[in-house]
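Here is what each chain is made of, one letter per residue.
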Protein chains: 2
Amino acid sequence: MAQTCIKLAAGPRVAYLGPRGTFSEEIALSFYRGVDGEFTPYASIDAVIRAVADGEAAEGIVPVENSLDGSVNITLDTLAHEVDLSIVREIVRPIRHNLLARDDTRHVNVVLSHPQALAQCRQYLRRHYPDAELVAVESTAAAAYQVASGAKHHAAIGSARAAQLYGLKVTATDIQDNPLNSTRFIVLAQGAVRPEGAKVKTSLICQINGEKPGSLHDILGEFARRQVNLTKIESRPARTGLGFYIFFLDAEGSLEEEHVRDAVAAVRAKSLWFKSLGSYPVSVVEPE
Amino acid sequence: MAQTCIKLAAGPRVAYLGPRGTFSEEIALSFYRGVDGEFTPYASIDAVIRAVADGEAAEGIVPVENSLDGSVNITLDTLAHEVDLSIVREIVRPIRHNLLARDDTRHVNVVLSHPQALAQCRQYLRRHYPDAELVAVESTAAAAYQVASGAKHHAAIGSARAAQLYGLKVTATDIQDNPLNSTRFIVLAQGAVRPEGAKVKTSLICQINGEKPGSLHDILGEFARRQVNLTKIESRPARTGLGFYIFFLDAEGSLEEEHVRDAVAAVRAKSLWFKSLGSYPVSVVEPE
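The rules behind the values
Residues numbered from 1 in each chain as written. Chains lettered and ligands numbered in written order. Predicted model: local features only at pLDDT ≥ 70, side-chain atom pairs only at ≥ 80, totals over all residues. Contact = placed C-beta atoms within 7 Å. Helix = DSSP H or I, 4+ residues; strand = E, 2+ residues; numbered from the N terminus. Nonpolar A, V, L, I, M, F, W, Y, C, P; charged D, E, K, R; others polar. Domains from an automatic or database assignment. Core = buried A, V, L, I, M, F, W, Y, C linked by C-beta atoms within 7 Å. Buried ≥ 20, exposed ≤ 12 C-beta atoms within 10 Å, placed from the backbone. Least-squares fit on C-alpha atoms with pLDDT ≥ 70 in both.

Enquirer: Outline the interface of chain A and chain B, supporting the account with residue identities and numerical values.
Expert: Each side of the interface is counted separately: chain A has 34 residues, and chain B has 34 residues. Of all the secondary structure elements, the ones that give two or more residues to the side of chain A that touches chain B are β11 (182-189), α8 (215-224) and β13 (230-237) of chain A. Ranked by residue count, the leading element in the side of chain A that touches chain B is β13 of chain A, at seven residues. Of the residues contributing to the side of chain A that touches chain B, the split by class is 14 nonpolar, 15 polar and five charged.

Now the structure itself:
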């Protein structure tokens, strides 16, 4: 199936948030289908990003934002403070959560999952398991694994594929609080790409002078006056004290386009600190 | 000690994030010192906020932002989507974390704490306990309680007071990634207050037309042109799909001041959806 081959930006060693059965793995499998590479699960988002920064992997796939629970802070904070990597692709995938339990489970008193999956199913859990203890673990798949090998009164929130991999039963489907639930994943690499495709975005991180009224308004003006649409603005702590922030900005368009490049250059000139995450194509992957 | 009495906005029943030994409890104890009231610990932030919304408590104290780990999403999301409450006070408190263990602990292979406390000590944990499993629980005090009553190889991240309450040993102090670590707590109540004091802030939530380039720039312009400084802007998912956000804005000044009131009225008029969280005084509480 040559038509499903994807040209890799930098090579075939791909790191993703494991263990087997995570949504990140499903993304890797469907996105790189037909590519003869090495796909390595890592135990945490942090570890995936470091593997790329250290050169252990050429590309790393991590979640960056969910439509219900918002940004994945560890992804943003690691990109800002600890590594110098580029985003080479964004992949959006609808996310459906299921409650997974052992065949012999009758009563659930503990529910395990990734903190964002627990948050995405908050209403369902409150309605059906108001007294259950919610336990956050590293990934939805790790939760499935722990339930499969653990106590009978435990259940996990995860994918149908994780249920299959770990021999669990799907006891409820589509338990997320909103049917429109989807997650943005990003593929990270060392060095930027020349993005191709119908939809391209550009991301950057900047710190502005928060003491000066209107600084953020001023920065956003550089985009507005050039008709560059911002798809996202997110503040995170600058880690220098309460009230100091860095801003993650996602803009439509590519740094190869003059109006985007000019806006970004103007923002860089006005920032106390600045980091470009590059321009990259956006794809949508439907569940299998 | 009449001079330490605090006039309560609405009554003496105060809900806070328990169990005993949380930072929220320390805030309640020091802030309401001398007040003859009922102080009730609740098991989750969610439950504290609902207690106020349901009238079970007149005021509720919850964390809203940490200087290292950022906003407490459950607090923001619950205020936006599930209740109609006002902020009647903000309390800023420096936070120092400690590693707590049983007297007989020699080797630590599991570290428990609130997810934000784990995040605030990420560098310390990676350096000293790179192989330890990190387990997120409802609060720093719940972690201390579980370590005191649980396995010998577990440790908790929490306050010195939690160590004392649960009979644990402080094995390392000041383990947060940054000495400037502090947390903003808010006191919630039904109905707004007339804020008094040297420092007053006003908070609001709005949803703007994200499809229109420059919408956020336009909103921020309403503050900038009136010289109203924004101390914080935070986006959270609108929960209607990826790419739709609501914005939490904190401004300096009170709704009783004309320029603030005008800016807020202009933002309300331009918003698809709007919620005022009121104006409130800001206090800083030093650790005992």
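And the narrative resumes.
Enquirer: Report on the domain arrangement of chain A, specifying residues and quantitative values.
Expert: Residues and elements named next belong to chain A. Domain boundaries in chain A define domain 1 (9-94 + 182-189), domain 2 (98-172) and domain 3 (200-280). Averaged C-alpha coordinates put domain 1 and domain 2 at centres separated by 23 Å. If you look at the interface, domain 1 gives 14 residues, while domain 2 gives 16 residues. Its residues assigned to classes, the side of domain 1 that touches domain 2 comprises six nonpolar, five polar and three charged.

Enquirer: Describe the nonpolar core, and please don't skip the residues or the numbers.
Expert: For soluble globular proteins, the rule of thumb is that nonpolar side chains tend to be buried together. Residues V48, V62 and L188 of chain A together with V48, V62 and L188 of chain B are the most contacted members of the largest nonpolar core, which totals 118 residues. Apart from residues no more than four positions distant in its own chain, V48 of chain B is found in contact with A15, Y16, L17, Y42, G60 and V62 of chain B. Among the nonpolar cores identified, the runner-up in size contains 53 residues, and L134 and A143 of chain A together with L99 and A142 of chain B belong to it.

Enquirer: Break down unusual backbone geometry for me, citing the residues and quoting the values.
Expert: Each neighbour pair has its own omega, and for G18 of chain A with P19 of chain A the value is 0°, a cis peptide bond. Positioned with a positive phi, Q227 of chain A is a non-glycine residue whose angle comes to about 60°. On the neighbour-count criterion, Q227 of chain A (12 C-beta atoms within 10 Å) is exposed. A positive phi angle is found at D174 of chain B, which is not glycine, with a value near 50°. In this fold, D174 of chain B is placed in the loop between β10 (169-172) and β11 (182-189).

Enquirer: Lay out helix α6 (residues 140-149) of chain B in plain terms, naming residues and giving numbers.
Expert: Summarising burial for α6 of chain B: seven of the 10 residues are buried, a large majority. Of all the positions in α6 of chain B, only T140, A141, A142, A143, A144, Y145 and V147 of chain B are classed as buried.

Enquirer: Let's hear about the relation of the copies chain A and chain B: which residues, and what values?
Expert: Superposing chain A onto chain B takes a rotation of 180° plus a shift of 0.0 Å along the axis, which leaves an RMSD of 0.0 Å. Such a turn and shift between the copies fits a two-fold axis. Both copies contact each other with a shared surface, as 100% of the interface residues of chain A are interface residues in chain B too.

Enquirer: Tell me about the environment of P195 of chain A, and name the residues and values.
Expert: Residue and element names in this part refer to chain A. As for its placement among the helices and strands, P195 is situated in the loop between β11 and β12 (200-207). A tally of 23 C-beta atoms within 10 Å means that P195 is categorised as buried. C-alpha separation for the pair P195 and N66, spaced 129 residues apart in sequence, amounts to 23 Å. Apart from residues lying up to four places away in sequence, P195 is in contact with V200, S254, S279, Y280 and P281.

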